[in-house]
Structures are given as C-alpha cells and as structure tokens.
Amino acid sequence: MKIAIAGSGALGSGFGYLLQKSGADVTLLDYWDDHIKAVTENGLKISVNGVEDTLPMKMCKPNELNEIMDTIFVFTKSMGLESMMEDIKHLIGEDTQVVCLLNGLGHSKTLEKYLDKKNIIMGTTVWTAGIDAPGVTHLDGQGPVELQNSDPSEKEAALEIVEILQESGLNGVYSDNVNFTTWRKACVNGTMNALCAMLDATIAEVFASSTIDSMLSSIVTEFSQVAELEDNIQIDVDETIDYLKALAEKVGSHYPSMHQDLANNRPTEIDFLNGAVAEMSKNHGIEAPYCQAITDLIHAKEDVLGIR
Ligand code: NAD
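Residues numbered from 1 in each chain as written. Predicted model: local features only at pLDDT ≥ 70, side-chain atom pairs only at ≥ 80, totals over all residues. Heavy atoms only, no water.

1. Some remarks on the packing of helix H6 (residues 178–199) against helix H12 (residues 289–305)
This is how it is decided: Axis lines are fitted through C-alpha atoms, for helices just across the contact stretch, and the angle between N-to-C directions can take any value from 0 to 180 degrees. Helix numbers and strand numbers start at the N terminus; a helix is a DSSP run of H or I with at least 4 residues, a strand a run of E with at least 2. For classification, angles of less than 35 degrees are called roughly parallel, those exceeding 145 degrees roughly antiparallel, those between 65 and 115 degrees roughly perpendicular, and all remaining angles oblique. Helix crossings are classified by the rotation of the near helix relative to the far one: an anticlockwise turn of less than a right angle makes the crossing left-handed, while a clockwise turn makes it right-handed. Note on contacts: a residue pair qualifies if any of its non-hydrogen atoms lie within 4.5 Å across the two residues. Residue polarity follows a fixed list, in which Ala, Val, Leu, Ile, Met, Phe, Trp, Tyr, Cys and Pro are nonpolar, Asp, Glu, Lys and Arg are charged, and the others, Gly among them, are polar.
Their axes nearest at 10 Å, the elements H6 and H12 cross at an angle of 45°. One way to sum up the angle between H6 and H12 is to call them oblique. In this structure, H6 meets H12 at a crossing whose hand is left-handed. Each of Ala194, Ala197 and Met198 in H6 lies in contact with H12, whose residues at this interface are Ile294, Leu297 and Ile298. Looking at the contact of H6 with H12 residue by residue, the classes come out as six nonpolar, no polar and no charged.

2. So, the pairing of strand S4 (residues 51–55)
This is how the line gets drawn: Any two strands are treated as partners once DSSP identifies two or more bridges connecting them.
Sheet topology places strand S3 (residues 44–48) next to S4; five bridges connect them, and they run antiparallel. Counterpart to Lys45 in the pairing with S4 is Thr54.

3. Some details on the nonpolar core
Just so we agree on the cut-off: Joining through side-chain atoms within 4.5 Å is the link that ties buried Ala, Val, Leu, Ile, Met, Phe, Trp, Tyr and Cys residues into a set, and such a set is a nonpolar core. Each residue is placed in one exposure class: buried if its accessible area under a 1.4 Å probe, protein chains only, is under 20% of its type's maximum, exposed if it is over 50%, and partly exposed if it falls in between.
One finds Leu105, Trp183, Phe207, Phe223 and Val277 to be the most contacted residues of the largest nonpolar core, which totals 40 residues. Put simply, the parts of the chain that give this core at least two residues each are H6, helix H7 (203–207), helix H8 (212–231), helix H9 (237–251), helix H10 (257–263), helix H11 (274–283) and H12. Once residues within four sequence positions are removed from consideration, Leu105 is found in contact with Thr182, Trp183, Ala186, Phe223, Phe272, Leu273, Ala276, Val277 and Met280. Core analysis: the next-biggest nonpolar cluster, separate from the first, contains 32 residues, Leu28, Met59, Phe73 and Val162 among them.

4. Section: the packing of aromatic side chains
Rules: By convention, a stacked pair of Phe, Tyr or Trp rings (six-membered ring in the case of Trp) has centres within 6.5 Å and planes under 30 degrees apart, an edge-to-face pair has planes over 60 apart, and any other such pair is tilted.
Applying the stated criterion to the full structure yields four aromatic pairs. Note on Phe15 and Phe73: the rings are 6.3 Å apart at their centroids and 55° apart in plane angle, and the pair reads as tilted. Remark: Phe73 occurs in strand S6 (residues 69–74) and Phe15 occurs in helix H1 (residues 10–21); sequence separation between them is 58 residues. As far as burial versus exposure is concerned, Phe15 and Phe73 are alike and both buried. Through successive ring pairs, a cluster of aromatic residues spans Phe15, Phe73 and Phe75.

5. Remarks on the site of the ligand
Selection criterion: Whether a residue is near a molecule or strand depends on its heavy atoms: it is near if one of them lies within 4 Å of it. Distance and chemistry together define a polar contact, namely a pair of N or O atoms within 3.5 Å, with one atom able to donate a hydrogen and the other to accept it when in protein, and with adjacent residues in sequence counting only for side-chain atoms on both sides. In this description, accessible areas are obtained by the Shrake-Rupley approach with a 1.4 Å probe, and a residue is regarded as covered only by the protein chains that are shown.
Around the ligand there are 18 residues in total, and Ala10, Asp30, Ala129, Arg266 and Glu269 lie nearest to it. Leu11 places a polar main-chain atom, nitrogen or oxygen, 2.8 Å from an oxygen atom of the ligand. In this structure, an oxygen atom belonging to the ligand sits 2.5 Å away from a side-chain N or O atom of Asp30. When the ligand sits alone it has 800 Å² of accessible area, and the protein chains cover 79% of it. For the shell around the ligand, the element with the highest residue contribution is strand S9 (residues 128–133), accounting for three residues. Partitioning the shell around the ligand into residue classes produces eight nonpolar, five polar and five charged.

Laid out in structure tokens, this is it:
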C-alpha cells in the first residue's frame, strides 16, 4: 500500500515509521528543510516507548512527489491543514483515503473542500510524540487510534485502515461515534492545554488551583452547548469534568502541547479549540464568552512573543 504522511513532524514521523516497519510503502512529506535533509541523509532516528531505531525513509516536499496514493495521513498542525491539502491535491485519486487524526474542531469541513466525503476518515489518537532534533523523534504510549468513515456507506474502507494500524502496532480501533470522541478530546485540549499555556503551569498545578472547578465548569459548559447545536453531540458536563480530573491525576506532571508551542515560539491551535467553540456559538445565536476570552489571551501571548 502506498501511504503518504502529509506533515511529518512528531506524530507524522512516528506513524510513518511504524507503518513502514509493517511493510507499507511510506513517503514522509514536509516543508522543514533541516528535518528532510537529516532523514534523507541519515534515516529517521526514533525512539518508540524507549526502544531506539534508525530507519531509512523516503522524505520530500509535497510538490516533489508525483504519484497517486492509496492512503494519506494528514499530520499538520490544525492551522496548516488547508494549505497542506492544497499542496497534495495531485496525490489524491478517486479511491485515495485521507485519514485525519488532528486535534481540534472543524477539520472535516476543510477536508470536504478537497475530497468526496466517501474518501474521508476522521479520528483521534492518544499516542504522544515529540521532535528532539531534525530527523530525531520519539513516540510514546499504546494508542488507541479511534477512527470512523465520514460517509456511512464506507465502513469497509475505515476497517481496512484499522487493520493496517493494528498490523503496525498503532492500535487502530473502529469507533461508532468518532464525532463524540473528537469533541471529548477537544474538551481535554480546551481545558488542560489552554489553561496550562496561559498559567505557565503543569496540569497538576492547574488542577490544584482554588479556581479549577469554576474554570472547568465554564469551559466544558460552553463546549457542551456548542457540541449539541453544531453536531448534535451530547457532552455531559459533570461526567466530563470527572473524566478530566481523573485524567489530570494520571498525567499531572506534563506540560501540554500548547504550553510547549508557546515555549518554543510556535503558534498554537487555539483557533481550532476554544476559538472554534466561540466562533461556532455565534452561528447558533449564543455566546461562549469564556472560550472567547481564553482565545484572546492566548493570541495576545502569541503577539507578545512575536509569533503571529
Ligand atoms: P508537529 O509540530 O511536530 O509537526 C507539525 C508540522 O510542524 C510538521 O510539518 C513539522 O515538520 C513542523 N515542525 C515541527 N517543528 C518544527 C520546527 N522546529 N521548525 C520547522 N517546522 C517544524 O506536530 P505534531 O505534534 O505531530 O501534531 C500534529 C497534530 O496531531 C496536531 O493537530 C496535534 O494537536 C495532534 N496531536 C499531537 C500529539 C503529540 O503528542 N504530538 C498527540 C495527539 C494529537
């Protein structure tokens, strides 16, 4: 199977590595010159749950690949998805499946500008990954990768991707309601990521603060209201807050990715999390003032750091 990874940063490199190890014909696509040069010259150096390896891999810029792919995994940051889709249009044939596991909301609408719904597979993953240096990455966890076909008639296509992910050790799982999983993951990112980034604190520090209950209640209530209006998804506020608190106990020592983005002077995905909820709320004639304020503050911080 010919697979392209469109956006081969932390997660894309890790997925590409495991897919190639299990026999797929993988090409990593990216724009970062130093990363492409390092992988092309030295192979991808990767640690998967602490086990180190170096694998020769094909890597180039999107305009340097000129073959129709069977499957494309998009792994840009949210704000890079649209321009990546523009740059990989020539790799998409009638039967090419595009799999999107990005964090954030609204990505299926972006993909529908470029693809028939029958070729779109949406999902989420709890694998974690990072880049240590150009050409050097790590991937940690056990998954799963939950996914579902966007077009109800295309379940077979999604099951085929699940099987490939299982064979590669990426722990693919078919989901009957990936929309719910996406909104629930957005609640995780819209609380933990945004608050830790703003407060420059670990998850444990934020969840030990005296105002955590009020902050969680405000944010999750806004996500819940908009999820129902936008996608007819029910997010139970109390149950979600309990879920977030239980998760915080497990991963308390972490700084979430949005915190790391600001620390590394990189723009955040806030417009696709709290910002998306604030925007969607307007379309439904309600307001999401807490999410709007968080989005404004994160953008102000990006401005202060000169990264917007
Ligand atoms: P990433 O930042 O590692 O990579 C995204 C793009 O940025 C890639 O094209 C990469 O080459 C480029 N990039 C990264 N560092 C760069 C640098 N220093 N200079 C120039 N370009 C650079 O993104 P990611 O962490 O793989 O995340 C992709 C998507 O998956 C996001 O939506 C993210 O929220 C989601 N996600 C990530 C993780 C994780 O643990 N990394 C977990 C779950 C979901």
